[in-house]
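Examination of the molecular architecture
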Amino acid sequence: MSATLRETPLLLTPGPLSTHPLVRAAMLRDLGSRDPEFIAASARVRAALEALSPEPGAYAAVPVQGSGTFAVEAMLCTFVPAGGAAAVVVNGVYGARAAELLERAGRRVRRLVVPEALAPSPDALAALLAEDESLRAVFVVHCETTTGQETPLRALAAVTEAAGRALLVDAMSSFGALPLDGLRPLAVAASSNKCLEGVPGLGFVLARREALAAAAGVAHSVSLDLHAQWLRLERDGQFRFTPPTHVLLALDVALRLHAEEGGVAARGARYRENLHRLVLGLRGQGFVTLLPDERQAPIIVTFYAPADPAWSFPLFYEALREQGFAIYPGSLTANPTFRVGCIGQVYPLDIDRFVAVVGEVVRGLGLQQLGPETP
Ligand SMILES: *Cc1c(COP(=O)(O)O)cnc(C)c1O
């Protein structure tokens, strides 16, 4: 095993992810935030993001410094006014976090809570919206990274639209790999370091232009005010506060590579092939997935921890890490699990190698019973 592999594993995680060498190389430059080249790169990034919106032309891309959560918080506090209320679909930690962000900002929340392994029900959402007229917005996580579930976004969107409410989507872990076309959300939040395969440090919100224009003064936070951020970028192409210049230069290249790969369809297809080989390979050894295939997004897969008494996540993790792979612990309360990502600069042959290495590690640790205690 080479030292490099041990030092820089392939990240089979929900992000930060393994990135392309050209993306990392783009960061080897110090550009000032007012440099015309940097301003041009910002404009290219915004235009490329807008081209990936559900309805190109109708949405403006507003970048937000920070991790993805900063963009979610900016979206929520710019489009749910103080004294307003929103329905939040909670089928994992990201929905729960959005509800907390809203409450902390003094917005009222009604949660539609669903056990993590199950799908939210459009009928239940319709009933909640019918019962409470004050809920003017609905928040949904497109891919719940907690489990890897692809939330039934289209069905939930249809119910939201039929009830005349605004849809706010956390597409953090799906944007760039799962299509949004045909949907008409008010806004979508995502970030640089997931399926776009940039590095962490920049979130962004795609919002309908008329909604942004109407949101002056709504945000209670200065730094998370999307309206103000948008106005400034539209005026002179500059951020209001120090932008993560290196991160943005990297995202500029990452978006070019995304387009060269073939856009959302091609990236989604590569991730689906990764998913297919991962699930087939690990099931073949006796591991069991939390989700049935029809609810599994091609982003990250949750496996039950083996019932074998010799099982230890830290030992399993260390052995894989030694062979150049980093995986992720599970985050379910009910069952012990672990997660393996399909996204980033990861190709089907990497997954085949990973599956083979898991087989060796399983033998090395003497694990026999790879299925769960209680499936
Ligand atoms: C990654 C992610 C976020 C944002 O998390 P950060 O740690 O702030 O980047 C939000 N929602 C979902 C569904 C995610 O996967």
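Residues numbered from 1 in each chain as written. Predicted model: local features only at pLDDT ≥ 70, side-chain atom pairs only at ≥ 80, totals over all residues. Heavy atoms only, no water.

1. A short note on the overall build of the protein chain
How we decide: Starting at the N terminus, helices and strands are each numbered in turn, a helix being any DSSP run of H or I of at least four residues and a strand any DSSP run of E of at least two. Two things to know: the radius of gyration comes from C-alpha atoms, and the globule rule equals 2.2 Å times the number of residues to the power 0.38. Buried residues are those whose accessible area, probed at 1.4 Å on protein chains only, stays under 20% of the maximum for their type, while exposed residues exceed 50% and partly exposed ones sit between those limits. For this analysis, residues touch if any pair of their heavy atoms sits within 4.5 Å. Only the protein chains shown count as cover for residues, with accessible areas throughout obtained via the Shrake-Rupley method and a probe of 1.4 Å. This count recognises Lys and Arg as positive and Asp and Glu as negative, with His and chain-terminal groups excluded. Note on charges: their place is set at NZ of Lys, CZ of Arg, CG of Asp or CD of Glu.
A tally of regular secondary structure across the protein chain gives 13 helices and 14 strands. For the protein chain, whose C-alpha radius of gyration is 21 Å, the value lies close to the compact-globule estimate of 21 Å for 375 residues. Dimensions of the protein chain, computed from the C-alpha atoms along their principal axes, are close to 60 × 55 × 35 Å. The buried share of the protein chain, reckoned over its 375 residues, is 57%. Long-range contacts, defined as pairs at least 24 residues apart, comprise 72% of the intrachain contacts of the protein chain with a sequence gap of at least 6. Surface accessibility of the protein chain: about 14900 Å² in total, with carbon and sulfur atoms responsible for 57%. Looking at charge distribution, the protein chain has the averaged site of its 33 positive side-chain charges lying 4 Å from that of its 37 negative ones.

2. Focus: the layout of surface pockets
Filter applied, for reference: Definitions used throughout: a 1 Å grid over protein atoms alone; a cavity as a set of points that fits a 1.4 Å probe which cannot get out; a pocket as an open set with protein on both sides within 12 Å along at least five of seven lines; a lining residue as one with an atom within 4 Å of a point. Grid points are joined across faces, edges and corners, and a volume is the space filled by probe spheres set on the points. Each residue is assigned to one class: nonpolar for Ala, Val, Leu, Ile, Met, Phe, Trp, Tyr, Cys and Pro, charged for Asp, Glu, Lys and Arg, and polar for all the others, Gly among them.
For the largest pocket, the calculated volume is near 340 Å³. Contributing to the lining of the largest pocket are 22 residues, with Thr69, Tyr94, Arg97, Met172 and Lys194 lying nearest its centre. Breaking the lining of the largest pocket down by element, the ones donating at least two residues are helix H4 (68-79) and helix H5 (93-104). Here the lining of the largest pocket takes five residues from H5, the largest share from any one element. Of the residues that constitute the lining of the largest pocket, the class distribution is 10 nonpolar, eight polar and four charged.

3. Thoughts on the side chain of Ser42
Position of Ser42 among the secondary structure elements: in helix H3 (residues 36-51). Once residues within four sequence positions are removed from consideration, Ser42 is found in contact with Gly237, Phe239 and Leu248.

4. A word on the sheet that holds strand E3 (residues 85-90)
Paired through their backbone hydrogen bonds, the strands of a sheet run either parallel or antiparallel. Applied cut-off: Note on pairing: DSSP must find at least two bridges between two strands before they are called paired. To define axes, lines are fitted to C-alpha atoms, for helices over the stretch in contact only, and angles between the resulting N-to-C directions are given on a 0 to 180 degree scale.
Strand order in the open sheet formed by seven strands is E2-E10-E9-E8-E5-E3-E4, and the pairing between neighbours is mixed. Each edge of the open sheet is held by one strand with a lone partner, namely strand E2 (59-65) and strand E4 (108-113). Within this sheet the neighbouring strands show an average axis-to-axis angle of 20°, counted without direction. For strand E5 (residues 135-141) and strand E8 (residues 166-170), the ladder comprises five bridges, and the chain directions are parallel.

5. Things to note about the nonpolar core
Stated formally: Buried residues of nine kinds, namely Ala, Val, Leu, Ile, Met, Phe, Trp, Tyr and Cys, make up a nonpolar core once their side-chain atoms join them within 4.5 Å.
Core analysis: the biggest nonpolar cluster contains 48 residues, and Leu49, Leu125 and Phe175 have the highest contact counts within it. A total of nine residues in this core trace back to one element, the largest contributor, which is helix H10 (residues 245-261). If near-sequence neighbours (up to four positions away) are discounted, Leu125 is found in contact with Ala87, Leu112, Val138, Leu156, Val159 and Thr160. By size, the runner-up hydrophobic cluster in this structure holds 36 residues, among which are Ala60, Leu76, Leu212 and Ala219.

6. What to know about the sheet that holds strand E14 (residues 337-341)
Spatially, the three strands line up as an open sheet ordered E11-E14-E13, and their pairing is antiparallel. Across the chains shown, the open sheet's two edge strands, defined by having one partner strand only, are strand E11 (300-304) and strand E13 (328-329). Examined bridge by bridge, E13 and E14 share two bridges and lie antiparallel to one another. By the bridge assignment, Tyr328 is partnered in E14 with Arg339. On top of the sheet, helix H11 (residues 263-285) reaches E11 and E14; it is set at about 10° to E11, its chief contact.

7. Quick notes on the pattern of salt bridges
If charged atoms from side chains of opposite charge come close, those side chains can pair. Defined as follows: By salt bridge we mean one thing: a side-chain nitrogen of Lys or Arg within 4 Å of a carboxyl oxygen of Asp or Glu.
Across all of its chains, the model carries 24 salt bridges by this definition. Members of the salt-bridge network, linked through shared partners, are Arg108, Arg110, Glu131 and Asp132.

8. Quick word on empty space enclosed by the protein
Under the counting rule described, the total for this entry stands at one cavity of 30 Å³ or more. What lines the largest cavity is simply Glu73, Leu76, Cys77, Leu101, Leu102, Ala105 and His220. Of all the secondary-structure elements, those providing two or more residues to the lining of the largest cavity are H4 and H5. Top element by residues in the lining of the largest cavity is H4. It accounts for three residues. Of the residues in the lining of the largest cavity, the class split is five nonpolar, one polar and one charged.

9. Observations concerning the site of the ligand
We count it as follows: Here a residue is considered near a molecule or strand provided that any single heavy atom belonging to it is located within 4 Å of it. Any pair of N or O atoms that falls within 3.5 Å is considered a polar contact. Within protein, one atom must be able to donate a hydrogen and the other to accept it, and sequence-neighbouring residues count only if both atoms are side-chain atoms. Think of it this way: a molecule belongs to a cavity or pocket when more than half its atoms come within 2 Å of the grid points there.
Close to the ligand lie Ser67, Gly68, Thr69, Tyr94, Arg97, Val141, Cys143, Thr145, Asp170, Met172, Ser173 and Lys194. Between the ligand and the protein, one listed contact pairs an oxygen atom with a side-chain N or O atom of Thr69 at 2.5 Å. Asp170 places a side-chain nitrogen or oxygen 2.6 Å from a nitrogen atom of the ligand. Contact with the protein chains covers 86% of the free accessible surface of the ligand, which is 390 Å². In a pocket analysis with a 2 Å cut-off to the grid points, the ligand is assigned to the largest pocket. When residues of the shell around the ligand are traced back to their parent elements, those giving at least two are H4 and H5. Tallied by class, the residues present in the shell around the ligand amount to four nonpolar, five polar and three charged.

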